[in-house]
Each structure stands twice: as C-alpha cells, then as structure tokens.
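Analysis of the macromolecular model
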Amino acid sequence: MSKDQWLPRPPVEGTSQPPMELRPQATRFKAMALDRALWRVGVVGYGRLGQSLVSHLLTWGLKLGLELVFVRNRDPGQTAGSVPPYPQLQNLTDLGEKHPDLVVEVAHPKIICETGAQILRHADLLVGSPSALADQATEQQLLEASRRWNHAVFMARGTLWGSEDITKLDAAGGLQSLRVTIATHPDGFRLEGPLAAVQGSVPRTVLYEGTVRGLCPLTPRNSNTMAAAALAAPSLGFDRVIGVLVADLSLTDMHVVDVELSGPLGPTGRSFTVHTHRGNPAEPGAVTGSATVTAFRRSLLGCCQLPPRPGIHLC
Ligand SMILES: NC(=O)c1ccc[n+]([C@@H]2O[C@H](COP(=O)([O-])OP(=O)(O)OC[C@H]3O[C@@H](n4cnc5c(N)ncnc54)[C@H](O)[C@@H]3O)[C@@H](O)[C@H]2O)c1
C-alpha cells in the first residue's frame, strides 16, 4: 500500500476513551497506510511540553495508534524513572535506528536549525519552536530536505488563536497587516542579549516592537506565537508581521496574546479588522502557559491525521 493511500481507523475497542482533545474524528492513520500497526513517534525535549506529550503517548498512544519510540533529552537525569528505559535516545544522530515516522521537537529552536534537515531524512517533523524559521537558511534547508526525502514539516500553531482564519484571509488577498502582542510578567520571558537589559521596574515596558524576523533571534523562546503568525500569513511573512513584546508586572500568572489584523481599504474607505485577546493562565515564571500544553497535544494528533506531503504546514 502506498504512503498516501489512506484508510479509516478501526473503532477503538475497550471501555476507556482518551480525553476529548485526543479523540480522533474519522482518523486516517498513516501507520495503516504503511501496513504498520502503530505510527512511531519520537520526542526531542523533556521539559514542560515534552513531559506532557510523553505522558499522553504512554497513556493513550496505543489507543490512538501511536507508539513512543524514543525520548531525547539533553539531561538524561530528567527522564530517569519517568520514562521506561527502552525509548530513550542518547544521541540524536542515532534516531534512524529507532525508525520513527514522526519526530516532535519540544526543546529549543536551535535543535531545528542544527538538525531539522537531518531529522527529515528519516521522518516527518513536528516543530514546536517555529521561531527557528526566522533564520532563512534554516527555512530553506527544511524545505529542501522535506522535498528530497518526501517528509512533511509541521509547525505547531501553539498559542496562536485563529491561525486557520488568518491563512484563509491571506490566501484570498485580504490581509494588509498583522500584529501580535505578547505580554506577561518579566519572569515569564526567557530574554537574552539586549532585551534582557531593557527590563525596568515600571509596571509596563514595551521591550520590542518591530518585525518578527528581527525579534526571533533576540528571544527565540518567546517569539514562537509570532513566528507561527508569520507562517500563517505567507504574503506578509517574517518581514511584515509585526511582533510586540511587553513586560507587565501585573501579569504574574498569565500570558496574554493579542492578535490584530486588518484588510485593505474597501470602497467605503473602511477596512475589515479583527482583534483577538487571549489570556492563558500560567504558573508564575513559566514560559509555557497551561492551554498551550493542550494545543500541542492537538497539534500532535492533527499532524498524524494529515497527508504526509512535503513542505511546511501549520498544524
Ligand atoms: N509554538 C508555541 O506557541 C510554543 C509555546 C510554548 C513553548 N514553545 C517552545 O517549545 C519548546 C519547549 O517548551 P517547554 O515549555 O517544554 O520548555 P522547557 O524549558 O520546559 O523544556 C525544554 C526541554 O528541552 C531540553 N533541551 C533544551 N535544549 C536541548 C537540546 N539541545 N537537546 C535536547 N534537549 C534540549 C531542556 O533540557 C528541557 O528539558 C521551547 O523552544 C519553547 O520556546 C513553543
């Protein structure tokens, strides 16, 4: 059976069901297309997101047709005791030995810059750190490797609300501007270089306002939502989507994302506008909010249900 022939998944047997967000709707499993019982998934990174995904794969994977085949973490001590010994991967260069169908990156954008293209030689790739694509060389390498090895690059939409609507509007030529503002307590950011020095003691400080391409290298771990917006709106892209980063001392346990977009001026002299405001509860000091964890589980399931076509796709 060829890889792009799809079959509906048989009904789940047994009494217990995965949580609602993990229940596939008329899932077409790639594993079946490959005459395999299970779709093999490797996870790179074992922090907040990685631990959540691994835990779900271990609990619900078999019911969903997914098998955890490795966990790769920089600090193996973090995985000790919580992951059965067999799936651990000591060295990312050995991932081919595990024969993954999908590798999920939830570690750091530099993993994508350094090894994303090599991963695509062996498997589809779900990128949890899309800020890596602000680097044009990385984007080009991923595209070339994706086409060469016939594997898909999926970008986790993460905390970006309305990404599909943005993409549809963009494709229809209806997007003139897109601006994403992320605000939280300074402890919730992982700022590096010049931005770290900007933080002051005033209640609200705009740390950066400018292109997403300019912001990503300055704070790769806090610009993923903006990078996802740039990917959702290719007509604007990293050079025309505007990112704003705000340190707000009142937001001790909340990440706030505002997405503002507008279309071109219409015949009446007015334009179409949308403004969404998303408040995501977060542990004080955490870089990843609670709702983001759920969004990543959906992305994982979502990309396992999509056709494995080469190219870069938001998921
Ligand atoms: N797309 C989004 O909206 C979104 C939202 C939240 C987080 N993220 C990104 O997802 C990634 C993971 O987030 P998190 O909250 O789990 O972070 P985290 O800091 O809790 O965990 C990251 C884990 O990756 C490991 N790691 C870091 N560099 C590594 C390397 N070179 N090799 C192997 N492991 C390495 C760390 O040891 C840590 O265990 C980050 O890059 C973060 O910026 C994206």
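Anything mentioned here points back to the structure above.
Cut-off values and rules
Residues numbered from 1 in each chain as written. Predicted model: local features only at pLDDT ≥ 70, side-chain atom pairs only at ≥ 80, totals over all residues. Heavy atoms only, no water. Helix = DSSP H or I, 4+ residues; strand = E, 2+ residues; numbered from the N terminus. Expected span 1.5 Å × (residues − 1). Buried < 20%, exposed > 50% of the residue type's maximum accessible area, 1.4 Å probe, protein only. Near = heavy atom within 4 Å. Polar contact = N/O pair within 3.5 Å; in protein donor to acceptor, adjacent residues only side chain to side chain. Areas by Shrake-Rupley, 256 points an atom, 1.4 Å probe, with all protein chains shown as cover. 1 Å grid on protein atoms, 1.4 Å probe; cavity = no way out; pocket = protein on both sides within 12 Å on 5 of 7 lines; lining within 4 Å. Sits in = over half its atoms within 2 Å of the grid points. Nonpolar A, V, L, I, M, F, W, Y, C, P; charged D, E, K, R; others polar. Domains from an automatic or database assignment. Salt bridge = Lys/Arg side-chain N within 4 Å of Asp/Glu carboxyl O.

Our next topic: helix α11 (residues 290-305). Along its 16 residues, α11 runs 24 Å from first to last C-alpha, staying within 8% of the 22 Å computed at 1.5 Å per residue. Most of α11 sits out of view: twelve of its 16 residues are buried. Those residues of α11 not exposed but buried are Thr292, Val293, Ala295, Phe296, Arg297, Ser299, Leu300, Leu301, Gly302, Cys303, Cys304 and Gln305.

The subject of this paragraph is the site of the ligand. Taken together, 26 residues lie near the ligand, and Arg48, Leu49, Ser129, Asn224 and Thr288 sit nearest. A distance of 3.3 Å is found between an oxygen atom of the ligand and a side-chain nitrogen or oxygen belonging to Asn73. Thr159 has a polar backbone atom sitting 3.3 Å from an oxygen atom of the ligand. Considered on its own, the ligand offers 850 Å² of accessible surface; in the complex 89% of this is hidden by protein. The cavity where the ligand resides is the largest pocket. Sorting the residues of the shell around the ligand by element identifies α2 (48-64), α4 (109-122), α9 (224-232) and α11 as the ones contributing at least two each. Here the residues of the shell around the ligand are counted per class, giving ten nonpolar, 13 polar and three charged. Structurally, the shell around the ligand is a two-domain feature, drawing no fewer than three residues from each of domain 1 (20-159 + 293-314) and domain 2 (163-287).

Next up on the list: the pattern of salt bridges. Enumeration according to the criterion identifies six salt bridges in this entry. For the salt bridge of Arg157 with Glu164, the shortest nitrogen-to-oxygen distance reads 3.2 Å. By relative accessible area, which is 23% here, Arg157 ends up partly exposed. Classification of Glu164 as partly exposed rests on a relative accessible area of 48%. For Asp239, the salt bridge is made with Arg213, and the minimal N-O distance between the two is 2.8 Å. Linking Asp239 in helix α10 (residues 237-240) with Arg213 in helix α8 (residues 212-215), this pair joins segments that are 26 residues apart in sequence. Judged by relative accessible area, Asp239 falls into the partly exposed class, the value being 44%.

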